Amino acid sequence: MKPRSQALLALLGLLAGALAVPQVAAQKLAGEFPNKPIRWIIPFPPGGSNDVLGRYLGIRLTDRVGQQVVIDNRGGANGIIGAELAANAPADGYTLLMVSTSWVMNAAVRDLPYDVEKSFDPIITIGTAPNSIVAHPNGAFRVLRDLVDAAKAKPGALSYAHTGVGGFNHFGGELFKKVAGIDMVPVPYKGGGPAMIDVIAGNIPVMFSSVTQTLAHVRAGRLKLLAVGAAKRSPAVPDVPTVIESGFPGYEVAVWWGVAAPAGTPRAVQEKLRKEFAAILTEPETLKRLTADAAEPLLLAPAEIRKMVHNDVRMWRGVAQTAGIRLK
């Protein structure tokens, strides 16, 4: 063999070896991960749907990976405080963020200290559930029409609770005001849990929130479910009509939840997390839990999540303009 050919073969061998090193390192990294506790930031206070789902899945993930998943509730600013904390955390897989529709809605109505499309690596989606309209069980509203009639009789006299300007609950309330032709005053809270507590206590008459969050309190008689904001009735509460069935067409609002990590998290670690979450989300017990909480599984791959987030930001910007939602 000529010296030139020998040199070329040697060079190709070196290149192949160099390319193999990152792959071996990635496999080793995935094999070792996790070797310490994982922090899962829930950007809302305890009691909301993000917290309810996150805590359940955190327990299951702990069981599967053999390391403690520590739930870190960082409520405030409609989830922005917790999301910013996650965006600035080390991109090593040991910090996760619970994301939801509100995470995207924030980007539709305000400037953020992070970019929902660039500051995070999506891991997996969890599920989806319709919006609900709930009131105090002993209040004046037995059906949704009662609420609308009262609001029309005294415009601006009724208020409703939500988790922050531009969030899922706020969008749900403002869109209903538009389709029903009524005026209600939005009252912001730091999260769905605190908002719901005030409705249960009778301090505020109405709340728009996911069925997943409100269902346990509805079943316990602490809240009255007036309607669900889906195209069809929820199997979890088949006797409760939709908003459309109640006489207000054009109202369909749902929430989705997912898991994200800081941008730049090693691909091998992302894949391992995705594999573990996918296994949990397809377990019969988890599916039973989601169904009981009026949620449906939603398993999307990272590329699909990125596309959904991009499209949702554009869609909710349009809804915000139509509904007149603006950050003050």
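Here is what the cut-offs are and how they apply
Residues numbered from 1 in each chain as written. Predicted model: local features only at pLDDT ≥ 70, side-chain atom pairs only at ≥ 80, totals over all residues. Heavy atoms only, no water. Helix = DSSP H or I, 4+ residues; strand = E, 2+ residues; numbered from the N terminus. Buried < 20%, exposed > 50% of the residue type's maximum accessible area, 1.4 Å probe, protein only. Contact = heavy atoms within 4.5 Å. Areas by Shrake-Rupley, 256 points an atom, 1.4 Å probe, with all protein chains shown as cover. Salt bridge = Lys/Arg side-chain N within 4 Å of Asp/Glu carboxyl O. Phe/Tyr/Trp six-rings, centres within 6.5 Å; stacked < 30°, edge-to-face > 60°. Axes fitted to C-alpha atoms, helices over the stretch in contact; angles between N-to-C directions. Parallel < 35°, antiparallel > 145°, perpendicular 65-115°, else oblique. Nonpolar A, V, L, I, M, F, W, Y, C, P; charged D, E, K, R; others polar.

A short note on the overall build of the protein
Part 1 of the argument: Looking only at helices and strands, the protein has 11 helices and 10 strands in total.
Part 2 of the argument: By the burial criterion, 52% of the 328 residues in the protein qualify as buried.
Part 3 of the argument: Within the protein, counting contacts between residues at least 6 apart in sequence, those at least 24 apart form 79% of the total.
Part 4 of the argument: Carbon together with sulfur atoms contributes 57% to the accessible area of the protein, which is approximately 14800 Å² in total.

Considerations on the pattern of salt bridges
Part 1 of the argument: Taken as a whole, this structure holds 12 salt bridges when the rule is applied.
Part 2 of the argument: Here K177 makes a salt bridge to E174, at a shortest N to O gap of 3.1 Å. Taken together, the residues K177 and E174, both in helix 6 (residues 168-180) and 3 residues apart, mark about one turn of the helix. Side by side, K177 and E174 carry an identical accessibility label, which is buried.
Part 3 of the argument: Residues R289 and D293 are paired through a salt bridge, measuring 3.1 Å at the closest nitrogen-oxygen approach.
Part 4 of the argument: With relative accessibility at 30%, the residue R289 sits in the partly exposed group.
Part 5 of the argument: Because the salt bridges share partners, they merge into one network encompassing R60, D63, R64, E276 and E283.

Regarding the packing of aromatic side chains
Part 1 of the argument: On inspection of all chains with the given rule, the structure shows 9 aromatic pairs.
Part 2 of the argument: A centroid spacing of 5.5 Å and a plane angle of 75 degrees characterise the contact between W103 and F120, whose relative ring orientation is edge-to-face. Of this pair, W103 sits in helix 4 (residues 101-109) while F120 is found in strand 4 (residues 120-135), placing the two residues 17 residues apart along the sequence.
Part 3 of the argument: Accessibility expressed as a relative area gives 9% for W103, which makes it buried.
Part 4 of the argument: For the ring pair F176 and F248, a centre distance of 5.6 Å and an interplane angle of 75 degrees mean the geometry is edge-to-face. Of this pair, F176 sits in helix 6 while F248 is found in the loop between strand 8 (224-228) and strand 9 (254-262), placing the two residues 72 residues apart along the sequence. For the pair F176 and F248, one class covers both residues: buried.
Part 5 of the argument: An aromatic cluster is defined as three or more aromatic residues linked by ring pairs; in this entry it consists of Y160, F176, F208, F248 and Y251.

Focus on the packing of helix 2 (residues 49-65) against helix 10 (residues 284-292)
Packed helices, taken two at a time, are described by their axes: the angle between them and the distance between them.
Part 1 of the argument: Two elements in contact, helix 2 and helix 10, have axes separated by 12 Å at closest approach and are oriented at 170 degrees. Overall, the two elements helix 2 and helix 10 adopt an arrangement that is roughly antiparallel. Within the contact between the two elements, helix 2 uses V52, L53, Y56 and L57 and helix 10 uses E285, T286, R289 and L290.
Part 2 of the argument: Broken down by class, the residue content of the contact of helix 2 with helix 10 amounts to 5 nonpolar, 1 polar and 2 charged.

So, unusual backbone geometry
Part 1 of the argument: In this structure, P34 follows F33 across a cis peptide bond, with omega equal to -5 degrees.
Part 2 of the argument: In the Ramachandran plot, A77 falls in the positive-phi region, its phi being about 55 degrees despite a non-glycine side chain.
Part 3 of the argument: On the basis of relative accessibility, which here comes to 42%, the residue A77 falls in the partly exposed class.
Part 4 of the argument: Not every positive phi belongs to a glycine, and N78 is a case in point at roughly 55 degrees.
Part 5 of the argument: Relative to the assigned elements, N78 resides in the loop between strand 2 (69-73) and helix 3 (80-87).
Part 6 of the argument: Judged by its relative accessible area of 4%, N78 is buried.

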